[in-house]
Amino acid sequence: MVADQILQRGVSDPRILDAMKAIPRHMFVPYTRPKDAYGDGPLPIGQGQTISQPYITAYMTELLSVRPSHKVLEVGTGSGYQAALLSVLASKVYTMEIVATHYVRARKVLERLHLDNVRIRLGNGRDGWPEEAPFDRIIVTAAGAEVPEALLRQLKQGGRLIMPVGASALEQHLQIYRRSKDGIVKQDDLPVRFVPLVEGN
Ligand code: SAH
């Protein structure tokens with residue numbers, strides 16, 4: 001998977017490639033035969049949700065540019081696979097999931113792998129995790145028409161947030177938000193297709 005799908009398409013950061021080799025992706029996809037867990041496409045994780053294609057996960061992780069000292073927030077735990085990769089790359093990972101079944105399963109897998117620097121919370125990720133803010137990096141792995149205000153507020157100065165943004169499922173782009181002392185600067189990246197970030201409460 002790493003050689004054929006990730007490296008060949010241009011993600012070359014050795015820390016990301018090593019993290020992808022270290023994390024057993026098949027443990028995160030219960031409806032898929034282990035050997036199919038390393039294929040080049042999105043996979044179902046139940047409740048109509050999917051885990052992204054490995055390349056997109058790698059690409060977003062590269063855009064996020066995580067350093068070992070970083071505190072990272074992920075919104076949309078899903079299977080927990082992205083959180084597991086981040087746990088290898090960052091100092092602390094906080095991940096939020098709104099669907100209880102995903103939350104329970106992801107928590108178990110992360111525990112079984114002893115990824116002890118990940119904390120997982122059941123709740124609406126639109127509110128972020130104010131008690132642990134600010135974050136060096138924030139990654140949203142579900143799409144919305146705009147970035148939730150609370151998440152931008154919880155981004156550290158010098159920090160970076162990545163989210164698929166678009167008015168409809170057909171017009172999403174990855175967007176990068178950087179906070180400097182003069183404010184937030186936004187940049188458009190690849191077109192993508194993600195499941196929606198639900199409104200919740
Ligand atoms: N990052 C995941 C894939 C995410 S799929 C992985 O590595 O497997 C998108 C996830 O976002 C789904 O599990 C969905 O339930 C969750 N989600 C959607 N809206 C949310 C919200 N408002 N708060 C938290 N999680 C949300």
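For clarity, every value in this text was computed on a predicted model and none was experimentally measured.

> Quick rundown of the pairing of strand E1 (residues 43–46)? Include the residues and the values.
Taken together, the 3 bridges between E1 and strand E2 (residues 49–51) define a ladder with antiparallel strand orientation. Each bridged residue has a counterpart across the sheet, and for Leu-43 the counterpart in E2 is Ile-51. Count of turn residues in the E1/E2 antiparallel hairpin: 2 residues, of which Gln-47 carries a positive phi of about 55°.

> Just give me the short version of the packing of helix H3 (residues 54–64) against helix H4 (residues 81–89), but keep the residues and values in it.
Where H3 contacts H4, the two axes come as close as 11 Å, and the packing angle between them is 40°. As summarised for this structure, H3 and H4 are arranged oblique, according to the angle between their axes. Crossing of H3 against H4: the hand is right-handed. Residues Thr-57, Thr-61 and Leu-64 of H3 lie in contact with H4, whose contacting residues are Tyr-81, Gln-82, Leu-85, Leu-86 and Leu-89. Here the contact of H3 with H4 is built from residues that sort into 5 nonpolar, 3 polar and no charged.

> Before we move on, can you summarise the site of the ligand with the specific residues and values?
Within the structure, the ligand sits among 24 residues, and Ser-79, Glu-97, Asn-124, Gly-125 and Val-198 are positioned closest to it. In this structure, an oxygen atom belonging to the ligand sits 2.6 Å away from a side-chain N or O atom of Ser-79. A distance of 2.6 Å is found between an oxygen atom of the ligand and a side-chain nitrogen or oxygen belonging to Glu-97. Considering the ligand on its own, with 580 Å² of exposed area, one finds that the protein chains cover 98% of that surface. The set of elements that each furnish at least two residues to the shell around the ligand consists of E2, H4 and strand E4 (92–97). Top contributing element to the shell around the ligand by residue count: E2, with 3 residues. Residue composition of the shell around the ligand, by class: 9 nonpolar, 13 polar and 2 charged.

Rules used throughout
Residues numbered from 1 in each chain as written. Predicted model: local features only at pLDDT ≥ 70, side-chain atom pairs only at ≥ 80, totals over all residues. Heavy atoms only, no water. Pairing = 2+ DSSP bridges. Helix = DSSP H or I, 4+ residues; strand = E, 2+ residues; numbered from the N terminus. Axes fitted to C-alpha atoms, helices over the stretch in contact; angles between N-to-C directions. Parallel < 35°, antiparallel > 145°, perpendicular 65-115°, else oblique. Left-handed = near helix turned anticlockwise from the far one by under 90°. Contact = heavy atoms within 4.5 Å. Nonpolar A, V, L, I, M, F, W, Y, C, P; charged D, E, K, R; others polar. Near = heavy atom within 4 Å. Polar contact = N/O pair within 3.5 Å; in protein donor to acceptor, adjacent residues only side chain to side chain. Areas by Shrake-Rupley, 256 points an atom, 1.4 Å probe, with all protein chains shown as cover.

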